[in-house]
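What follows is the residue order along each chain.
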Amino acid sequence: MTQDKRRKPDWVIDKEKGRRRAARETVWLFGLHAVRDALANPARARLRLVVTRNAADKLAAEIAASGMAPEIADARKFPAPLDPQSVHQGAALEVRPLDWGGLAERCAPGDGAPVVVCLDRVSDPHNVGAILRSAEVFGARAVIAPHRHSAPETGALAKTASGALERQPYLRVPNLARAMGRLREMGYTLLGLDGAATETLDAAAGRLTGQPVALVMGAEGPGLRQLTRDSCDGLIRIPAAGAFGSLNVSNAAAVALYAATRGR
């Protein structure tokens, strides 16, 4: 029996699989803000830095402090493997995803009245990046999302987060409903955002002042899945002035976080 000469040798196939597997385990961050904050983050494992001369000048202090040796690239032939539509501003950094630890470690109430955000199948990296930015501004303990059907850590997410990805815990969990159950055991009240809910956001925030709260939000369009809805302690809505007014999930998160953290 003769081997098909067109077939690649097994060692070549294994090497290519290994390379693809390794690529999936790293992330290319891009844009001056995202790269600057990743360079300044001691918890971030950094592998390769590609910058134009102009970007290297703007990031000079952070590059020096990081100890990395940058690759100076021509802006017209930028060698980092980014989507051609990526607005990289002459800076790209290959990193390993951050490890934020477990749910109990990050969300245990302790002192005060913490707020966390749970995302149910919010897969748009721009929405998640904007939510991380709002979560950092309003002091949320963590943003929690399932491993599947949610936005992973990517360059697009990091750029939208404008550095917040390096500081705001983004916990990916195997099962969102189970994670919500654990939050309830820790003392959190779980509030799902639903435009058809009876109770308003302000009313719920006032009623739960001084208590740990988890804000649960679904993807635009389908909203909360039934299991997620059933796992909430109650549903709330953001009042709209018009009959057809609505917010996208990142704007709704900002409003909900402001209301939930006001006066805490």
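First, a word on what this report is: a plain description of the structure on this page. Everything numeric here is computed off the predicted structure, so don't read it as measured data.

What counts, and at which threshold
Residues numbered from 1 in each chain as written. Predicted model: local features only at pLDDT ≥ 70, side-chain atom pairs only at ≥ 80, totals over all residues. Heavy atoms only, no water. Helix = DSSP H or I, 4+ residues; strand = E, 2+ residues; numbered from the N terminus. Expected span 1.5 Å × (residues − 1). Buried < 20%, exposed > 50% of the residue type's maximum accessible area, 1.4 Å probe, protein only. Contact = heavy atoms within 4.5 Å. Polar contact = N/O pair within 3.5 Å; in protein donor to acceptor, adjacent residues only side chain to side chain. Pairing = 2+ DSSP bridges. Axes fitted to C-alpha atoms, helices over the stretch in contact; angles between N-to-C directions. Right-handed = clockwise from strand over helix to strand, strands pointing away. Salt bridge = Lys/Arg side-chain N within 4 Å of Asp/Glu carboxyl O. 1 Å grid on protein atoms, 1.4 Å probe; cavity = no way out; pocket = protein on both sides within 12 Å on 5 of 7 lines; lining within 4 Å. Points joined across faces, edges and corners; volume = space filled by probe spheres on them. Nonpolar A, V, L, I, M, F, W, Y, C, P; charged D, E, K, R; others polar. Parallel < 35°, antiparallel > 145°, perpendicular 65-115°, else oblique. Left-handed = near helix turned anticlockwise from the far one by under 90°.

### Observations concerning helix H6 (residues 125-137)
Because the α-helix completes a turn every 3.6 residues, residues three or four places apart line up on one side.
Then comes step 1: The first and last C-alpha atoms of H6 sit 18 Å apart over 13 residues, in line with the 18 Å expected at 1.5 Å per residue.
Then comes step 2: Considered for burial, the residues of H6 that qualify are Asn127, Val128, Gly129, Ile131, Leu132, Ser134 and Ala135.
Then comes step 3: Turning to H6, the residues buried within the fold contact strand S5 (115-120), strand S6 (143-146), helix H7 (155-161), strand S7 (170-173) and helix H11 (249-261).
Then comes step 4: The backbone nitrogen of His126 lies 2.8 Å from a side-chain oxygen of the residue at the head of H6, namely Asp124.

### Some words on the sheet that holds strand S2 (residues 46-51)
Then comes step 1: Sheet architecture is open: four strands sit in the order S1-S4-S2-S3, paired in mixed fashion. Taken across any chain shown, the strands that pair with only one partner, and hence form the sheet edges, are strand S1 (27-30) and strand S3 (71-72).
Then comes step 2: In the sheet, S2 pairs with strand S4 (residues 91-95) via five bridges, with the strands oriented antiparallel. The partner of Arg48 across the bridge, within S4, is Glu94.
Then comes step 3: Packing against the sheet, helix H2 (residues 32-39) makes contact with S1, S2 and S4, and its axis sits at approximately 45° to S4.

### Looking at the pairing of S6
Regular strands place side chains that alternate from one sheet face to the opposite one.
Then comes step 1: On S6, burial covers both faces: Val143 and Ala145 on one face and Ile144 and Pro146 on the other are all buried.
Then comes step 2: Where S5 lies against S6, two bridges are found, and the strand directions are parallel. Directly across from Cys118, in S6, lies its bridge partner Ile144.
Then comes step 3: Tracing the backbone out of S5, into H6 and back to the parallel element S6 gives a crossover that is right-handed.
Then comes step 4: With four bridges joining them, S6 and S7 adopt parallel strand pairing. Bridge pairing links Ala145 to Arg172 in S7.
Then comes step 5: Once you follow S6 into H7 and on to S7, the crossover reads as right-handed.

### Re the pattern of salt bridges
Then comes step 1: Under the defined criterion, the tally for this structure stands at twelve salt bridges.
Then comes step 2: The salt bridge involving Arg167 is made with Asp37; its shortest N-O contact spans 3.2 Å. Placement of Arg167 in the loop between H7 and S7 and of Asp37 in helix H2 is noted, with a sequence separation of 130 residues between them.
Then comes step 3: With a closest N to O distance of 2.9 Å, Arg184 and Asp233 form a salt bridge. Here Asp233 lies in the loop between helix H10 (226-230) and strand S11 (234-237) and Arg184 lies in helix H8 (residues 176-185), a separation of 49 residues in the sequence.

### Focus: unusual backbone geometry
Then comes step 1: Even without glycine at this site, Gln89 takes up a positive phi of about 55°.
Then comes step 2: With respect to the secondary-structure elements, Gln89 resides in the loop between S3 and S4.
Then comes step 3: We classify Gln89 as partly exposed; its relative accessible area is 41%.
Then comes step 4: Positive phi, close to 60°, is recorded for Arg121, a residue that is not glycine.
Then comes step 5: Mapped onto the fold, Arg121 is located in the loop between S5 and H6.

### Points about the layout of surface pockets
The rolling of a water-molecule-sized probe over the atoms marks out the regions of remaining empty space.
Then comes step 1: One number sums up the size of the largest pocket: a volume of about 590 Å³.
Then comes step 2: Around the largest pocket, the lining is made up of 24 residues, and of these Leu193, Asp194, Gly195, Ser246 and Leu247 lie nearest the centre.
Then comes step 3: Of all the secondary structure elements, the ones that give two or more residues to the lining of the largest pocket are strand S10 (213-218), S11 and H11.
Then comes step 4: Grouping the amino acids of the lining of the largest pocket by side-chain chemistry returns 13 nonpolar, seven polar and four charged.
Then comes step 5: The wall of the second largest pocket is formed by 14 residues, among which Leu98, His147, Tyr170, Leu171 and Arg172 lie closest to the centre.
Then comes step 6: With four residues, the top contributor of residues to the lining of the second largest pocket is S7.
Then comes step 7: Here the lining of the second largest pocket is built from residues that sort into eight nonpolar, three polar and three charged.

### Here we look at the packing of H6 against H11
Then comes step 1: At their nearest, the axes of H6 and H11 sit 8 Å apart, and the two run at 15° to each other. Between H6 and H11, the angle falls in the class roughly parallel. Both H6 and H11 take part in a crossing whose hand is right-handed. Residues Asn127, Ala130, Ile131, Ser134 and Ala135 of H6 form the contact with H11, whose own contacting residues are Val249, Ser250, Ala253, Ala254 and Leu257.
Then comes step 2: Within the contact of H6 with H11, the residues separate by chemical class into seven nonpolar, three polar and no charged.

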